[in-house]
Amino acid sequence: MNFQNKKPLTTGFLESVNLMYDRAVDLLDLPGDVAQTIKACNSTYEVQFSVRLRGKLHSFKGYRSVHSEHMEPAKGGIRYSIEVNKDEVEALAALMTYKCALVEAPFGGSKGGLIIDPTEWEDHEMEKITRRFAYELIKRDLINPSQNVPAPDMGTGEREMAWMADEYRRMNPTDMNACACVTGKPLNAGGIAGRTEATGRGVQYALQEFFRHADDVKAAGFDGSLDGKRVVVQGLGNVGYHAAKFLSEEDGSKIVGVVERDGAVFNPKGIDVEALKAHLVARQPLSSFPGVEFVEDGSLGLEYDCDILIPAACESVITYSNAHKVKARLIIEAANGPITADANDILVERGHTIIPDLFANAGGVTVSYFEWAKNISHIRFGRMQRRQEEARSRAFLEQLEAVLPNGVDPALKKKLECGAGEIDLVRSGLDDTMRAAYVAMREVRESHPNCPDMRTAAYMVAVRRIVGVMDHFTM
Ligand code: NAD
């Protein structure tokens, strides 16, 4: 088929998400207005506020959208970018609803954004702006441990979450669950071990699970494991960096290309992810990174010859215009919405396998769920059982040593002697979540002959679960 002559189906991010949703619900037999009720965004709050900085008032515009409250609190990140707009925030909030349902995180979907270029402001100015934005959201219960719980997204991180949590605490000094009003906080401010790495770690676990299913691997035109697979990553921020780091350090994959805002770098022998990250953190231009080929046109990175493409930057980067140029047989959507609905059709028709965003980047909200649960239970995971587990393992090992002529292998002994700490439990919970969600998607695909791909299956699993909750509503 000549894809160049095919008309684009959609224009915006929200339209793309809704179209993908519609395709999935068409395969489900939903009663009455249920499909429309789930799809519709419940509310979007738009706020304009001013902050006195550098001797004058500066005005900022932000959003917090609540897509679904079928479960509360609603959950979803806050993004800082000059490109933030209502359509984008609503699309991201909808994705959160479906994502939470897919990975069984007991939340509705929400998302927020502030139109700002964080690089234009000093740290103390960012704090003032963030606290003021948080104040506007808190007074409307759009930041609240039982109603709406933000997390980091593009342009925000631990620092912003700590400011928001502190602002909530000041405004609600008697709320004993105040700490649970946002997730992604620093560890010493109520955070959880493993939250910063969680989304990238989830991408790694998603790929590991994919490679456990021989027929999926074969259908994608691969054999073997992640070892030696050539990977290109777009966006070496929180998600992209952690995914690239874990895949290269732990699974033997080779990062052959990295795409950033100011171009792309390639090296078929593999790029040192740590060195490149340090280079970018030091605000050095991508073009000056040694030992790689540099191209100014970053979009060429998406077309580079590789096995796995990981778009981990922003939405709508693979579109109707460039989808037919993508060479990677497997694309895993670490970002939200990197492939538009029409690009999705082109890629599927050309035989590419897509691991969809709903699943691929759900590691973030999964570990946010663990952090929120930790905050409302006021106790660190593993605190009660760790030493007891160690004592049991030691007793067992002593018996084993007594009967085995050569004793127990020291490496195994070390592993068994050590009880699980918070980071071990978080990684175990995340791995379990990613495996279970993958299996749920596979089951739907296998039982629905008309289900064309993993994305549709992801939406079908999510919608069924949301309907299951709504079945108990009386009004
Ligand atoms: P980030 O701000 O830490 O990193 C984004 C990176 O992408 C930056 O290095 C930036 O320079 C680069 N970038 C931006 N636009 C680009 C472009 N057009 N081309 C190439 N590079 C570009 O953001 P993040 O938290 O890593 O989020 C990335 C994506 O992952 C977003 O879509 C976000 O919604 C999604 N996501 C993030 C989390 C999380 O926990 N942070 C969770 C789920 C989904």
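In the block above lies the structure referred to throughout.
What you see is a predicted model; the values in this text were computed from it and never measured. (Residues numbered from 1 in each chain as written. Predicted model: local features only at pLDDT ≥ 70, side-chain atom pairs only at ≥ 80, totals over all residues. Heavy atoms only, no water.)

Another aspect to go through is the site of the ligand. The environment of the ligand is made up of 21 residues, and the closest members are Arg 79, Asp 153, Thr 199, Glu 260 and Asn 336. Gly 237 is positioned with one of its backbone polar atoms (N or O) 3.4 Å from an oxygen atom of the ligand. Considered on its own, the ligand offers 830 Å² of accessible surface; in the complex 85% of this is hidden by protein. Considering only residue class, the shell around the ligand consists of 8 nonpolar, 8 polar and 5 charged. (Near = heavy atom within 4 Å. Polar contact = N/O pair within 3.5 Å; in protein donor to acceptor, adjacent residues only side chain to side chain. Areas by Shrake-Rupley, 256 points an atom, 1.4 Å probe, with all protein chains shown as cover. Nonpolar A, V, L, I, M, F, W, Y, C, P; charged D, E, K, R; others polar.)

Further remarks concern the packing of aromatic side chains. Inspection of every chain in the model, using the stated rule, returns 12 aromatic pairs. Aromatic side chains Tyr 98 and Tyr 459 sit 5.3 Å apart centroid to centroid with 50° between the ring planes, which places their arrangement in the tilted category. Pair noted here: Tyr 98 is in helix H3 (residues 86-102) and Tyr 459 is in helix H17 (residues 454-470), with a separation of 361 residues, a long-range link. Tyr 459 sits in the buried class, given a relative accessible area of 1%. Here Phe 107 and Tyr 369 contribute two aromatic rings whose centre-to-centre distance is 5.7 Å and whose plane-to-plane angle is 90°, an arrangement assigned as edge-to-face. Of this pair, Phe 107 sits in the loop between H3 and strand E5 (108-115) while Tyr 369 sits in helix H13 (residues 363-377), placing them 262 residues apart in sequence. For Tyr 369, a relative accessible area of 26% puts it in the partly exposed group. Three or more aromatic residues joined by ring pairs make a cluster, and in this case those are Phe 49, Phe 60, Trp 121 and Phe 133. Of note, Arg 201 hangs over the ring of Phe 246, and the distance from its end group to the ring centre comes to 3.6 Å. (Phe/Tyr/Trp six-rings, centres within 6.5 Å; stacked < 30°, edge-to-face > 60°. Helix = DSSP H or I, 4+ residues; strand = E, 2+ residues; numbered from the N terminus. Buried < 20%, exposed > 50% of the residue type's maximum accessible area, 1.4 Å probe, protein only. Lys NZ or Arg CZ within 6 Å of the ring centre and 35° of its normal.)

Grouped together as the largest cluster of nonpolar side chains are 88 residues, with contacts concentrated most on Tyr 98, Phe 210 and Ile 310. Here this core gets 11 residues from one element, more than from any other, and that element is H17. Setting aside chain neighbours within four positions, we find Ile 310 in contact with Val 203, Val 231, Val 232, Val 233, Gln 234, Leu 247, Ile 332 and Ala 334. Formed by 29 residues, the second largest nonpolar core is a distinct cluster that contains Val 47, Tyr 80, Ala 134 and Ile 138. (Core = buried A, V, L, I, M, F, W, Y, C linked by side-chain atoms within 4.5 Å. Contact = heavy atoms within 4.5 Å.)

This part covers the side chain of Glu 209. Secondary-structure assignment places Glu 209 in helix H6 (residues 198-210). For Glu 209, a relative accessible area of 4% puts it in the buried group. In this structure, Glu 209 is in contact with Arg 435, Tyr 438 and Val 439, ignoring residues within four places of it in sequence.

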